[in-house]
Amino acid sequence: MFNDEMVLPQAEIIAIGNEVISGLIQDTNGRYLSKQLHLLGINTSRITAVGDDEGSITRVVEGALERVDIVIVTGGLGSTHDDITKDVFARVFNSNMIIDDKVMNMLEATFNERQQKVPEGVRSQCKIPETAKILYNEKGTAPGFLFERDGKKLFSLPGVPLEMEHLFDKYIRPDLKKLQKGVIGHRVIKTVGLTEASLWEKFGPVEPLERLATVASLPSYLEMKVRLSCYSKSSEEVEIRLGEAEDMVMTSLGEWVYGKDNETLEGKVRELFLEKNKTLAVAESCTGGLIGHRLTQTPGSSDYFLEGVVAYSNEAKNSRLEVSPTLIRKYGAVSEEVALAMAEGIRKTSGADIGLSVTGVAGPDASNNKPVGTVFIAISDEEKSDCKCFRFYSDRSRNKERSAQAGLDLLRRWFRNLT
């Protein structure tokens, strides 16, 4: 990831569990651990998932210990038949199993609080590899472990995220902080309305940007993100380099950028409405209330968002939004004319300063000669109105999400005079 990454401590993360490799659950632990390691100036070179199989676990762990000095393993430390990680590591590190009295006392205290006896199966948690340092777990029944060999460290943690994060904060972060030689920083620039190809076409040659930071494209069907990353000796130097790289991106992509890092499009819309002291009402058809849902996900939305109406049928468009049946018959419910009438109707009936509407063909079938993915989004205030036509794809769920994203971006652009 970094041109000078060989000066950084290197780590690998391993997720153990049949439920992970089968896709039944998502491994969120790897993302958390990689982020925390970067904050400590440690580069994660590989994240691997492996099932509950002794041979597979052994091969993956031994390979990681050959490549890097720090390995963090999550999962397989429970008390069920398929939780074999502890026993496998005991064999890998040539360790006998012993009973740890502190783990036993912690288990008994936990179950006494529940007014229960420690189940026999759970008592196996007291058996620990003799050569391991125990990472005592106050958030669960399974302790974690630290194994060391030839100056290399392997941390074994429970797979439950709450317990994993607790043990990382209590034991691993202080331990690895001693190795810290520098700081890794990231900045994520978020754009909407661009594909990956069109973004870099607008940006131009990327080499000047790469002299400041490593660059990665993070495309999705809703937006395009640009991740900037760099490593330096101090957080101040990292912030300077990331700031210069961000300025370079903004110079080329300014109007397409809505935020960075943890900022959301709905959060940006809220800021703009509060800044302008304006109110909003939304009339939705094909999105089924998704725009209103996203707006109300942001705390403080009641300060500007008056109401949202799902006018799905033609009758609802007429009775609730005062859209003329003649207009619908002449142009169709999915049309620029009806979208504009919906935006004006919700604005007037709600008393809001601005009305936003969306009507379209989400799919999977076409409607009245309108192809699937045809969406009209309109916006209206007391002085003017505007409508945009979008052509999305054939997936119903994604079309709804794309339409909501486009509607929020239209609000942003309205205030920025970018429409």
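Note that the structure is a prediction, hence the values are computed from the model and not measured.

Brief notes about the overall build of the protein chain
Per the secondary structure count, the protein chain includes 15 helices and 17 strands. Over its C-alpha atoms the protein chain spans a radius of gyration of 28 Å, topping by over 25% the 22 Å that the globule rule assigns to 419 residues. Principal axes of the C-alpha set define a box for the protein chain whose edges measure 85 × 55 × 40 Å. Burial statistics for the protein chain: of 419 residues in total, 49% are counted as buried. Summed over all atoms, the accessible surface of the protein chain reaches about 20200 Å², with 47% contributed by carbon and sulfur. A distance of 2 Å separates the average location of the 53 positive side-chain charges in the protein chain from that of its 61 negative side-chain charges.

Things to note about the sheet that holds strand S15 (residues 354-360)
Here we have five strands laid out as an open sheet, ordered S14-S13-S15-S16-S17, and mixed in their pairing. Two strands lie at the open edges of the sheet, namely strand S14 (305-310) and strand S17 (385-391), each paired on one side alone. Pairwise comparison of adjacent strand axes, ignoring direction, gives a mean angle of 10° for this sheet. Against the sheet, helix H15 (residues 396-415) touches strand S13 (280-284), S15, strand S16 (374-380) and S17, its axis set at about 30° to S16.

So, helix H9 (residues 235-253)
For H9, built from 19 residues, the straight-helix expectation of 27 Å at 1.5 Å per residue is met to within 8% by its first-to-last C-alpha distance of 26 Å. For H9, the set of buried residues is Val238, Leu242, Ala245, Glu246, Val249 and Leu253. Buried residues of H9, seen end-on, are gathered within an arc of 105° and therefore sit on one face of the element. Facing away from the buried side of H9, by more than 90 degrees, are the exposed residues Glu236, Ile240, Asp247 and Thr251.

Focus on H15
With 20 residues, H15 should reach 28 Å at 1.5 Å per residue; the first-to-last C-alpha distance of 29 Å fits that figure. Most of H15 sits inside the fold, with 15 of its 20 residues counted as buried. Two to three positions downstream of the cap, the backbone nitrogen of serine 397 sits 3.2 Å from a side-chain oxygen, assigning the N-cap of H15 to aspartate 395. Positive phi shows up at asparagine 417, right after H15, with a value of about 55°.

Considerations on the packing of aromatic side chains
Under the counting rule described, the total for this entry stands at eight aromatic pairs. The interplanar angle of 45° and the centroid separation of 6.3 Å between the aromatic rings of phenylalanine 145 and phenylalanine 147 together place this pair among those described as tilted. In this structure phenylalanine 147 comes out as buried when scored by relative accessible area, which is 1%. An aromatic cluster is defined as three or more aromatic residues linked by ring pairs; in this entry it consists of Phe89, Phe93, Phe145 and Phe147. The residue whose ring lies beneath arginine 413 is tryptophan 256, and the NZ or CZ to ring-centre distance is 4.7 Å.

A look at the pairing of strand S1 (residues 10-16)
Most of S1 sits inside the fold, with seven of its seven residues counted as buried. By the alternation rule, side chains of S1 split into Gln10, Glu12, Ile14 and Ile16 and Ala11, Ile13 and Ala15, which are all buried. Across seven bridges, the pairing between S1 and strand S2 (residues 43-50) is parallel. By the bridge assignment for S2, isoleucine 16 is matched with valine 50. Bridge analysis of S1 against strand S3 (residues 70-74) gives five bridges, and the strand direction is parallel. Counted as the bridge partner of alanine 15 is threonine 74 from S3.

Conventions and cut-offs
- Residues numbered from 1 in each chain as written.
- Predicted model: local features only at pLDDT ≥ 70, side-chain atom pairs only at ≥ 80, totals over all residues.
- Heavy atoms only, no water.
- Helix = DSSP H or I, 4+ residues; strand = E, 2+ residues; numbered from the N terminus.
- Rg over C-alpha atoms; globule rule 2.2 N^0.38 Å.
- Buried < 20%, exposed > 50% of the residue type's maximum accessible area, 1.4 Å probe, protein only.
- Areas by Shrake-Rupley, 256 points an atom, 1.4 Å probe, with all protein chains shown as cover.
- Lys, Arg positive; Asp, Glu negative; His and termini not counted.
- Charge placed at Lys NZ, Arg CZ, Asp CG, Glu CD.
- Pairing = 2+ DSSP bridges.
- Axes fitted to C-alpha atoms, helices over the stretch in contact; angles between N-to-C directions.
- Contact = heavy atoms within 4.5 Å.
- Expected span 1.5 Å × (residues − 1).
- Arc of directions from axis to C-beta.
- Polar contact = N/O pair within 3.5 Å; in protein donor to acceptor, adjacent residues only side chain to side chain.
- Phe/Tyr/Trp six-rings, centres within 6.5 Å; stacked < 30°, edge-to-face > 60°.
- Lys NZ or Arg CZ within 6 Å of the ring centre and 35° of its normal.

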